[in-house]
Amino acid sequence: MSSRLIRVGVGLAASAALAFAAVPAAAAPPSQPTELRGSLPSGGQYVLHEPERWNGTLLTWSPGYGGGGGTASAGPSNEVVSWLTGQGYALAGAAAGTGWAVEDLLVAQPQVVDAATAVLGEPEHVVAWGASMGGQVSVALLEQHSSTFDAALPLCGSIAGAIPMLNGSLDGTYALKTLVAPEDARLELVNVTNEPARQAAFKEVLDAAQQTTEGRARIALAASLAQMPTWSQTGTEQPDRHDVDAQQEQLYRIFMWGTVSPRQPLEQRAGGNFSWNTGVDYADALRESGNLQLVRQLYRDAGLSLDEDLTALNAGVRVAADEQAVAYMQQNATPTGDIHGPVLSLHETGDAAPVVAQAGTYADRVRAHGQAALVEQAFVDRPGHCAYADAEVAALVTALQDRLDSGRWQNLATPRALNDRADAIAESGGLERGGTFARHQPGSLLRPEREPDVFAPRPEDPVTRTGALPNGAAYTAIAPGDWNGSLVVVPGRSTAEFASAEWLLQRGTAVIGYDLSDGWDLVRDRDNASAAVARFTELVGAPDDVVLAGRSQGGLVTRIVADSAPAWLDGAVPMCGGGAGAVSTWNYKLDTAFVLRELVDPASAMRITGIADLEAEIAELNGLVAKAGGSAEGRARATFAAALSKIPAVDPATGAEITDRDARIDRYLVYLPFAVGSHVRAGYEATVSGTFSWNTDVDYERALRDSGRWSEVSAAYQDAGLSLDDDLRTLARADRLEADPAAVGFVERTASFTGDLTVPVLSLSTSGDGAGSTQDDEAYATTVREAGERAHLRQAFVQAEGHCTFNAAEEAAAFETIFTRIAEGRWPSTSPDALVERAAAIDEQSGLVLGEARFDGPRHGGIPARMWDADDWGSYTG
C-alpha cells in the first residue's frame, strides 16, 4: 500500500476482556496495544490502535466540526479508546481536511480501513462512528461505502444532514432579522462574507432584543421556527412547562449556538448557498414546532400581534438556493436513509446543533426505504451537545457489537438495557458513568427537505437565488411571484439590494445583480452581464425585456455593454459612470494630478502613472492636497488643477451651485483625491498591463481655456498674488508622461465608445459628482450624436452633491421611463418637471417611502479638453 506506517508501542491502561451477551463480567489483566500512525493516499493522516488480542471488529472514528485537520484520533476520549482497546477492539481514525470536512472524510475513511487491514488482516466487522459532524459522516459512510462498512454509530450527529439543519437555521435567522432588525445589512442570512462579523452582529441584535418584552417574544418565535429546545443550558434545571419566561431564557441563550450556525465554511465547500425558505408557511411551521402556546403567551404579554408578525414573515422576500451547492451538500452531507447495515444513534434531547428532531427525520428516511428494523436510537434526557460520559459511549459500542454478532436488536438498545451496560462498565472498568438513558420519541424536522424539487415556490412567493457566475463573480437573482417578464441587470450590486429594488419587485420586475472586478477588469465585467442574463434564464426563465443599470464602475460597464449591443439588451440606464470613455477620463485625471504636483510641490514622489506602491502614492496625493490648502498660493493652484477635471462646487445640503470663491475652493480640495483616483488607476493599470494616460502634447494654457474656468482660476491667482503666466511656463517646461501604445489600444477597444446605439439609453448623473463631472455626459452625447443615434439617448440630472447619490424615487423614475420607452417605442417626456412628477406618482402609488426627486436641468461645462472616442482610436503612437 502507499500509506506510510510508524509503529509506536504504548502501554494503555486497559480493563477486563468482557463478554456482553448480557452484563460485563470481571476484569482481566491489561493488554498491551500498539499505536500506529501514517499518511493516506488522499493526503490526510490516520491513527490505528492495534489491541494485543483483536476481536475482529474495527472502529473507524470521524471527528466533529473543526477536528479533522489536526492530529488523528480514534475515539471521543483517551479513556474510551483505552477501554475499548482493552476489550479487543481495533480503533482507527482520520485527520483529513479542516472545518466542514465531510467530503474529505468520506474519501479518507475507506483508506483508513485499507491501512488497518494491511496491518490487522481482514476485519470481521467495520463500524463507522463519530460525534457531531463525525456522526453525520458515519451514516454517510455506511450508505456510500456499503461494501466497506457494516454498521454505524453516530453520536450527537446531524444524521438528517446539513441541508435541513441549515434550513432550520435560516428560518430562525430570517425571522429574527425580519422582525427585529430588517434594515441591518450585517445580518447576513446566506452568502456570508465575514462570519465573525456576522456572528457579532447577530449577538448584538439578539442581546438588545432580549432587553424588551417585544424582543423576547420575537426571539422565542425565531428560535421555535429553528426548533431550538426549551431546555438547552447545561447545569440548569429543566423549566416548568408553565414557566414561559424560563423557557424563553433558554431559547435566548441557545440562539447563537444553535441558530446562527457558521455558514461561510460550508458555503465555501459547497460553492454557494444551499439553504432556502421559498414556499415556507411560517404560521404552519410555528404550529408544528410544538411551541405555539409558549410563543402566543409571550406575544400576549408583550402586547404584540402574533398574526401580524407571521404575516410579515410570510410576506418577506425569500431566499432560494443555488442548485449546484444543494447538489454538493446532498452528495456530501445529507444522508438518504438507504442503508443495508445496523445504525445505533445517540442524542441529547436538549441538543441544539443538531436538534433532536434530526433523529426523527433520519428514522423517517430509513423507514421510507423499508429498512426500519435496522435502526435504533438512544437518548439521554438532558441539555448539551456531545457531552456523553465514557461509560455511556462504551455501552453503545458493545450493544452494537452484540447486534452485529446476533443479527437482531431484540432489547439491546432499550433505555433499561443500556443503563445496565453502562452501570456494569463504570463499575468494572472505572469509566465515568454520567446520567441515564431515557425513552424519547423525537419529532421530525420542520424542514426535512433534501431533494431539489422543493425549490418550486408558491405563485405568490418571490424567488431569490444566489451563486457564482462561471468566472466566480457572486450574484443574487430575485424574481417576484407575479413576475411580469421584465428584468433589470445590475453590475456592481451582487446582493441585488439597492434604493429602488423593492419598488421594482413590487412592479413585477425581476432583478439580478453581480459583483464587479476589483481591478477594473472591464472585459470580465462586460461579459458577466451576458452571463448573468443566461444564469437568470436557467434559474427562472427567459425574460421578455432586459435593462442594464449599473452605477459608477457599473455605469461604465453599462455604457460598454450598450455600445456592444448584445442581442438580449433592450435598454440601459447608466448611472454616473464614465461617459467620456476611459481614455478621456483618465487623461483629464492625469492633467489634474500633474498640475497639482508640478505647481504645489514638484519634488513630490507622486508618480501619477505606473503606480508601484499604492499606499505611498495615496499618501503623496493627500500630502499635496493638504499643502495646497494651507496657503493662498496653494489654493489658487488647486483651483487650476480642479478646473482640468471640472470638479463641481455644489452645496452638500441643497445641491445648489456655490458662488463664494473661497467656499468653492474648499469643495475642490475635498474632491481632489477622489477626482485624481489613484486607488482605481493602480488596479486598472495592472489589469491592462501598462500605462494608458499621457500628456506629452498638452498645452495647459489651451486646456485651461477649454475648461471654461479661465476667469475663476485667474481671479484666484490674482487674489493670491501669483502669476498664472509663470505657472503656465513652468508646466510647459516640465517633463511629461508617456503611455504604452498597446495599453492605450486595449483601453480604446474595451472602454471607449463608438456611440452606435441600437437600444434606448437613459443616463442618470448628479450635478455635484466630484469623481466624474457632467462633462462626461456632454462627451457621451457628442459621441452618440456624431454616430447618428441621438434619438436613442436621453440624459437626466439630479441636483445633488456626491457620487451616485440618487434616491429611490429618482432611480424608480428612470426605470419607469426606460420601460415605457421599450414598451411604446417612443420616449415619454424626460424634462426635469416630468421626471419629478413621475417620481412623485410612483412614490404615492407604491406605498413605499422612496424620497423626493431632485431633477433639474444639466450644468455642462462642455466636453473634456482631451476628448477621445472611436474617431481617435489608433492615433496615439507614443
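Below is a summary of the structure that appears in this document. (Residues numbered from 1 in each chain as written. Predicted model: local features only at pLDDT ≥ 70, side-chain atom pairs only at ≥ 80, totals over all residues. Heavy atoms only, no water.)

## Some points on the side chain of Gln227
Looking at where Gln227 falls in the secondary structure, it is placed in the loop between helix H6 (213-225) and helix H7 (244-258). Within the local environment of Gln227, its side chain forms a polar contact with the backbone oxygen of Ser444, the two atoms lying 3.3 Å apart. Every residue in contact with Gln227, bar those within four places of it in the chain, is listed here: Val355, Ala357, Ser444, Leu445 and Leu446. (Helix = DSSP H or I, 4+ residues; strand = E, 2+ residues; numbered from the N terminus. Polar contact = N/O pair within 3.5 Å; in protein donor to acceptor, adjacent residues only side chain to side chain. Contact = heavy atoms within 4.5 Å.)

## Examining the nonpolar core
Within soluble globular proteins, side chains that are nonpolar tend to cluster in buried spots. Membership of the largest hydrophobic core comes to 53 residues, with the highest contact counts inside it found for Leu48, Leu58 and Met329. At 10 residues, helix H2 (residues 102-120) tops the list of elements feeding residues into this core. The contact partners of Met329, leaving out residues within four places of it in the chain, are Trp100, Ala162, Ile163, Leu266, Ala270, Phe274 and Thr334. With 52 residues, the next largest nonpolar core counts Ala473, Val546, Trp586 and Val761 among its residues. (Core = buried A, V, L, I, M, F, W, Y, C linked by side-chain atoms within 4.5 Å. Buried < 20%, exposed > 50% of the residue type's maximum accessible area, 1.4 Å probe, protein only.)

## Observations concerning helix H5 (residues 195-209)
Compared with an ideal rise of 1.5 Å per residue, which puts 15 residues at 21 Å, H5 spans 21 Å between its outermost C-alpha atoms and is within 8% of the ideal. When we look at burial in H5, the residues that qualify are Glu195, Arg198, Ala201, Phe202, Val205, Leu206 and Ala209. Projected down its long axis, H5 carries its buried residues within an arc of 130 degrees, all on one side. Lining the buried residues of H5 we find helix H4 (162-180), H6, H7 and helix H8 (264-270). Capping the start of H5, Asn194 holds a side-chain oxygen 3.1 Å from the backbone nitrogen of Ala197, two or three residues further along. (Expected span 1.5 Å × (residues − 1). Arc of directions from axis to C-beta.)

## Side note on the environment of Val583
With respect to the helices, strands and loops of the structure, Val583 is situated in helix H19 (residues 582-600). For the pair Val583 and Val747, spaced 164 residues apart in the sequence, the C-alpha separation amounts to 6.7 Å.

## Examining the packing of H2 against helix H3 (residues 133-144)
At their nearest, the axes of H2 and H3 sit 10 Å apart, and the two run at 55 degrees to each other. Considering the angle they form, H2 stands oblique to H3. Crossing of H2 over H3 shows right-handed handedness. In contact with Val102, Leu105, Leu106, Gln109 and Pro110 of H2, H3 contributes Met133, Gln136, Val137, Ala140, Leu141 and Gln144. Taken together, the residues of the contact of H2 with H3 sort by class into 8 nonpolar, 3 polar and no charged. (Axes fitted to C-alpha atoms, helices over the stretch in contact; angles between N-to-C directions. Parallel < 35°, antiparallel > 145°, perpendicular 65-115°, else oblique. Left-handed = near helix turned anticlockwise from the far one by under 90°. Nonpolar A, V, L, I, M, F, W, Y, C, P; charged D, E, K, R; others polar.)

## A closer look at the layout of surface pockets
Computed from the structure, the second largest pocket encloses a volume of approximately 590 Å³. What lines the second largest pocket is a set of 26 residues, and nearest its centre among them are Pro229, Thr230, Thr349, Val356 and His440. Secondary-structure elements contributing two or more residues to the lining of the second largest pocket are helix H9 (282-289) and strand S8 (343-350). Looking at the lining of the second largest pocket residue by residue, the class counts come to 8 nonpolar, 14 polar and 4 charged. (1 Å grid on protein atoms, 1.4 Å probe; cavity = no way out; pocket = protein on both sides within 12 Å on 5 of 7 lines; lining within 4 Å. Points joined across faces, edges and corners; volume = space filled by probe spheres on them.)

## Thoughts on the packing of aromatic side chains
The final tally for this structure, using the stated rule, is 12 aromatic pairs. Ring centres of Trp483 and Phe536 lie 5.4 Å apart, and the angle between their planes is 70 degrees; on these two criteria the pair is classed as edge-to-face. Separated by 53 residues along the polypeptide, Trp483 in the loop between strand S12 (474-479) and strand S13 (486-491) and Phe536 in helix H17 (residues 522-539) bring together distant segments of the chain. Overall, the relative accessible area of 24% leaves Trp483 in the partly exposed class. Taking 5.5 Å as the distance between ring centres and 85 degrees as the angle between the ring planes, the aromatic pair formed by Phe753 and Tyr780 counts as edge-to-face. (Phe/Tyr/Trp six-rings, centres within 6.5 Å; stacked < 30°, edge-to-face > 60°.)

## Focus: the environment of Ser530
With respect to the element layout, Ser530 can be found in helix H17. Taking the C-alpha atoms as reference points, Ser530 and Leu569, separated by 39 residues in sequence, lie 9.0 Å from one another.

## Observations regarding the state of the cysteines
Here, the word disulfide means a covalent bond between the sulfur atoms of two cysteines. Scanning the entire structure with this criterion turns up 2 disulfides. Sulfur-sulfur distance for the disulfide between Cys156 and Cys386 comes to 1.9 Å. Classification of the bridge connecting Cys156 and Cys386 rests on its S-S torsion, roughly 105 degrees, and on that basis the disulfide is right-handed. In this pair, Cys156 is assigned in the loop between strand S7 (151-155) and H4 and Cys386 in the loop between strand S9 (375-383) and helix H14 (390-406), connecting sequence segments 230 residues apart. A residue is classified by how much of its surface remains accessible, and Cys386, at 25% relative accessible area, is partly exposed. (Disulfide = S-S within 2.5 Å.)

## Some details on the environment of Gly134
Along the chain, Gly134 turns up in helix H3. What makes Gly134 buried here is its relative accessible area of 0%. For the pair formed by Gly134 and Leu346, sequence separation is 212 residues and the distance between their alpha carbons is 13 Å. Residues contacting Gly134, with those up to four places away along its chain left out, are Ser62, Pro63, Gly64 and Trp129.

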